[in-house]
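Close look at the chain arrangement
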Amino acid sequence: TRMLPRPFWMMCTQIIMVVTFLLFATGLHSLIYVSTTLLGICYGVQFAVMIPTVSELFGLKDFGLMYNFMLMVNPIGAFFFSALLAGYVYDKEAERQNPGVLDPSNCFGPDCFRLTFYVCAMVCCCGTLICLVFIARIKPVYQMLYASGSFRHPRQQQLY
């Protein structure tokens, strides 16, 4: 009853990441360092918590496959969000800022990536909802693991 499941911490980092991406979207120079630091910490916590969470949610039978899938998701997500989404949004904003130029390659200001940060914030909102599902799914596992107390400190037997 007192244990916080690991997906809860993932959910907390997702919420912080939503705020961080919205701070990036504002384009305020004074918030860049704080936002970058928060985002890096959240990614670190996510990766550290993700590995044991996957073993708790899906078991150890196919853990090697799940681990490799976790490792593949990062570069695939980076490709979709960085190369495809951010590149497309940047090019469209550069065209909007430089009308009539045949090859507009420069974009200035926070508008260049604002939509990209909004999309990333929405994806993190979806991740928060998925974490809620994981919390509900993993609760019976924690109750089963810790029903007789923790592994180090067994529950005290009441003497009658």
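The structure we're discussing is the one just above.
On a predicted model such as this, the values are computed, not experimentally measured, just so you know.

Further remarks concern the overall build of the protein chain. A tally of helices and strands in the protein chain yields 4 helices and 0 strands. The buried share among the 160 residues of the protein chain stands at 26%. Of the contacts made within the protein chain by residues no fewer than 6 positions apart, 61% connect residues no fewer than 24 positions apart. Element-wise, carbon and sulfur atoms account for 69% of the exposed surface of the protein chain, whose accessible area totals about 11400 Å².

Tracing the sequence through the fold places leucine 22 in helix H1 (residues 6-26). Each C-alpha atom, one on leucine 22 and one on arginine 114, is 8.7 Å from the other, the two residues being 92 residues apart in sequence. Ignoring anything within four residues of it in the chain, the contact list for leucine 22 reads Tyr118 and Ala121.

This next bit is on the pattern of salt bridges. Summed over the entire model, instances satisfying the criterion amount to 4 salt bridges. Salt-bridge contacts for arginine 96 lead to aspartate 111; the nearest nitrogen and oxygen are separated by 3.9 Å. Placement of the pair is arginine 96 in helix H3 (residues 63-97) and aspartate 111 in the loop between H3 and helix H4 (114-145), with a sequence separation of 15 residues. On the accessibility criterion, arginine 96 (54% relative accessible area) is exposed. One salt bridge in this structure joins aspartate 111 and arginine 114, with 2.4 Å as the shortest N-O distance. On the accessibility criterion, aspartate 111 (33% relative accessible area) is partly exposed. Judged by relative accessible area, arginine 114 falls into the partly exposed class, the value being 23%. Three or more residues are tied together by salt bridges with common partners; here these are Glu93, Arg96, Asp111 and Arg114.

The space that makes up the largest pocket amounts to roughly 1200 Å³. Taken together, 32 residues make up the lining of the largest pocket; nearest its centre are Gln14, Tyr43, Gln46, Val73 and Asn74. When contributions to the lining of the largest pocket are tallied by element, the ones reaching two or more residues are H1, helix H2 (32-58), H3 and H4. By residue number, the principal contributor to the lining of the largest pocket is H4, which donates 10 residues.

Conventions we followed
Residues numbered from 1 in each chain as written. Predicted model: local features only at pLDDT ≥ 70, side-chain atom pairs only at ≥ 80, totals over all residues. Heavy atoms only, no water. Helix = DSSP H or I, 4+ residues; strand = E, 2+ residues; numbered from the N terminus. Buried < 20%, exposed > 50% of the residue type's maximum accessible area, 1.4 Å probe, protein only. Contact = heavy atoms within 4.5 Å. Areas by Shrake-Rupley, 256 points an atom, 1.4 Å probe, with all protein chains shown as cover. Salt bridge = Lys/Arg side-chain N within 4 Å of Asp/Glu carboxyl O. 1 Å grid on protein atoms, 1.4 Å probe; cavity = no way out; pocket = protein on both sides within 12 Å on 5 of 7 lines; lining within 4 Å. Points joined across faces, edges and corners; volume = space filled by probe spheres on them.

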